[in-house]
Amino acid sequence: MSIAEVEHVAWLARLALTEEEKRVMAEQLGRILDYMEKLRELDTEEVPPTFHTLEGMRVPLRGDDPRPGLEREEALAAAPDRADDLFRVPRTGEAEGEGA
Amino acid sequence: MIAETAAAIRRGELRARELVESCLSRIASLDALLGCFLTLDGERALERAGHIDEELARARQHGGRAAGGTGGLKARGGAPGASGGNQAGDGLLLGIPYACKDNICTRGVPTTCASRILEGYVPPYSATVVEGLEAAGAVLLGKTNMDEFAMGSSGENSAFFPTRNPRDTTRVPGGSSSGSAAAVAAGLVPFALGSDTGGSVRQPASFCGVVGFKPTYGRVSRYGLVAFASSLDQIGPLTATVEDCALVMEVLAGHDPRDATSADVPVPAYREVLGREVRGMKLGVPREYMGEGIEPGVREAVEAALRVFEDLGCVVEECSLPHTEYALAVYYLVAPAEASSNLARYDGVRYGLRVEGGDITGMYSHTRRQGFGAEVRRRIMLGTYALSAGYYDAYYLKAQKVRTLVKRDFEQAFSRYDLLVAPTSPTVAFRLGERTEDPLSMYMADVCTIPVNLAGIPAISIPCGEEAGLPVGLQIMGPPFAESTILQAAHAFERATVGASWRRRGGEGR
């Protein structure tokens, strides 16, 4: 795997990797993916995928009935940063007219 | 053992508080070396055990029926939509202390998944299994160490400290339920909960010489289990004996409306089949699990176990699961893909670690870089890659198709055999540090357990011998919901080998 590919995937995964970490990741993922090449030996043209193993089982959904959820304070209790009843996050964009 | 202990507590011959005290003192003397626990909740456990004793004493005094364990011992409740599937609240585990893997939510008790990103996190609700155990009278002692987010096969991926194998402290206990397996093996607790996504209950059970069970996917509620790979994860017990395993399974199993993948299938009384003879049972031995890559000592121990089953009147035959060699590659695409999606929630907003990094994307990226350890980052990267545009068909979809072939292998085998028998792990416990530099060699540790998760079937690991003084685990696999048959066979084996020389060390200190 190339460093550029690692950088792209790290961006998708929201992981800030150092240059050294990118290099090690490229090498390790490359070896792991080489191992996965093994799967190409098999012809799976006619084989359906198995996304879960629940086929044929009785897996009923519960009724769509309202029920109490977490209290607001409980939900906010572990927040790293909050403002009143809200989770606070860093600015996500720039307001119009604001320069960088 | 657990059933007798609970009965003694009920009769007042043993106080629940004394039992908790004795576990805590054993933990105090051994756990600095072993590193099984991330959180101990001793005070609350003593208090709860004291309440159990008082209530039992009161019930005895009033001459009434001894407390059922439900009345005053109900779950603390308050969980959203609480209606747990498990109503085995008839005090089956009255006063029995247990430990819980740290990826299973416990209301008011830290739950970290052995990760920096959840350090200090205290969940506002309990997992359904924890509520069920509480309703059955069990007493939570603490939370056990593990590979971070259950990703690992040695316990060394804990962000905090590794756990050591009680049988040889220079060796790993296996993983990812490292602390749970080691705690049961060292006699620190009568039982513990683990989770098994690719072998994380069975492989450490094998390395530590205890019993570990991975139920059918859907058999035990996953509500409150921190998700790793949602189509593979199952919670299961680690115990000293098969009977204890059956007992705890009676409490854990059952439908839960809060888990949309929970199966509505009646829960048998698992203990009822124990002691029934296994004569005529047909056991298949997949040759792919006995060949290259399996340590000779492990193979010999398993072969000796097969002779025990033959002596018990079972029909033992070699069979084949031809796609076994592809299972590892399937797993290490499917599980990281699901993990990359599940772990997207750790973003420094609602709970857990936050590391500032400029704008919101910078905050996410630095939080995740610093909060996740190397193996978790590697799997998130692998999974993100496998799901990304241009690679989805070649890797993720391909893996899910081959998964079908692995599953069909089992279906065909179970059309001819009641159960399949194989090693749990290709090796005995390896040394700390031996495989940490090479991810693929660590992944190979799960080669015998992974196919079971891909197929969603149940399997147990029980001690079956020793190699160089270290425990060897025997894996018994069954078709979906054949938990009873597995336990019946496992129990028959345990009884037949009760005096075996390799068992002598197992009872040490208990």
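All right, on to helix α12 (residues 392-414) of chain B then. All names here are of chain B. For α12, built from 23 residues, the straight-helix expectation of 33 Å at 1.5 Å per residue is met to within 8% by its first-to-last C-alpha distance of 32 Å. Bending of α12 peaks at approximately 30 degrees at the position of K398. By the criterion of burial, α12 is predominantly enclosed, with 17 of the 23 residues buried.

A few words on the packing of aromatic side chains. Where two aromatic rings form a pair, the distance of their centres and the angle of their planes describe that pair. Per the stated rule, a full pass over the model turns up 17 aromatic pairs over all chains. Linked through ring pairs, Y121, F149, Y346, Y351 and F372 of chain B together constitute an aromatic cluster. Against the face of W11 of chain A rests R14 of chain A, its NZ or CZ located 4.3 Å from the ring centre. One Lys or Arg, K38 of chain A, reaches over the ring of Y326 of chain B and ends 5.3 Å from the middle of that ring.

With that settled, the discussion passes to the pattern of salt bridges. This model, assessed by the stated rule, comprises 33 salt bridges over all chains. When the shortest N-O distance is used, the salt bridge between E21 of chain B and R17 of chain B registers 3.4 Å. Pair noted here: E21 of chain B and R17 of chain B are both in helix α2 (residues 16-34), with a separation of four residues, about one helical turn. The class for R17 of chain B is partly exposed, based on a relative accessible area of 29%. Each of D81 and R88 of chain A together with R354 and E356 of chain B takes part in one network of salt bridges that share partners.

Time to look at the interface of chain A and chain B. Between chain A and chain B, the residue contacts involve 60 residues of the former and 75 residues of the latter. Taking both sides of the interface into account, the surface hidden between chain A and chain B amounts to around 5,900 Å²; carbon and sulfur atoms contribute 68%. Close ionic contact of E325 of chain B with K38 of chain A constitutes a salt bridge, the shortest N to O distance being 2.8 Å. Our enumeration of links across chain A and chain B arrives at 22 residue pairs in polar contact (both at pLDDT 80 or more). Secondary structure elements with two or more residues in the side of chain A that touches chain B: α1 (3-12), α2 (19-36) and α3 (72-76) of chain A. Of all the elements, α2 of chain A adds the most residues to the side of chain A that touches chain B, at nine residues. Along the lines of polarity and charge, the residues of the side of chain A that touches chain B split into 36 nonpolar, seven polar and 17 charged.

Cut-offs and rules
- Residues numbered from 1 in each chain as written.
- Chains lettered and ligands numbered in written order.
- Predicted model: local features only at pLDDT ≥ 70, side-chain atom pairs only at ≥ 80, totals over all residues.
- Heavy atoms only, no water.
- Helix = DSSP H or I, 4+ residues; strand = E, 2+ residues; numbered from the N terminus.
- Expected span 1.5 Å × (residues − 1).
- Bend = angle between axes of the 7 residues up to and from the residue.
- Buried < 20%, exposed > 50% of the residue type's maximum accessible area, 1.4 Å probe, protein only.
- Phe/Tyr/Trp six-rings, centres within 6.5 Å; stacked < 30°, edge-to-face > 60°.
- Lys NZ or Arg CZ within 6 Å of the ring centre and 35° of its normal.
- Salt bridge = Lys/Arg side-chain N within 4 Å of Asp/Glu carboxyl O.
- Contact = heavy atoms within 4.5 Å.
- Buried area = accessible area lost by both parts, 1.4 Å probe.
- Polar contact = N/O pair within 3.5 Å; in protein donor to acceptor, adjacent residues only side chain to side chain.
- Nonpolar A, V, L, I, M, F, W, Y, C, P; charged D, E, K, R; others polar.

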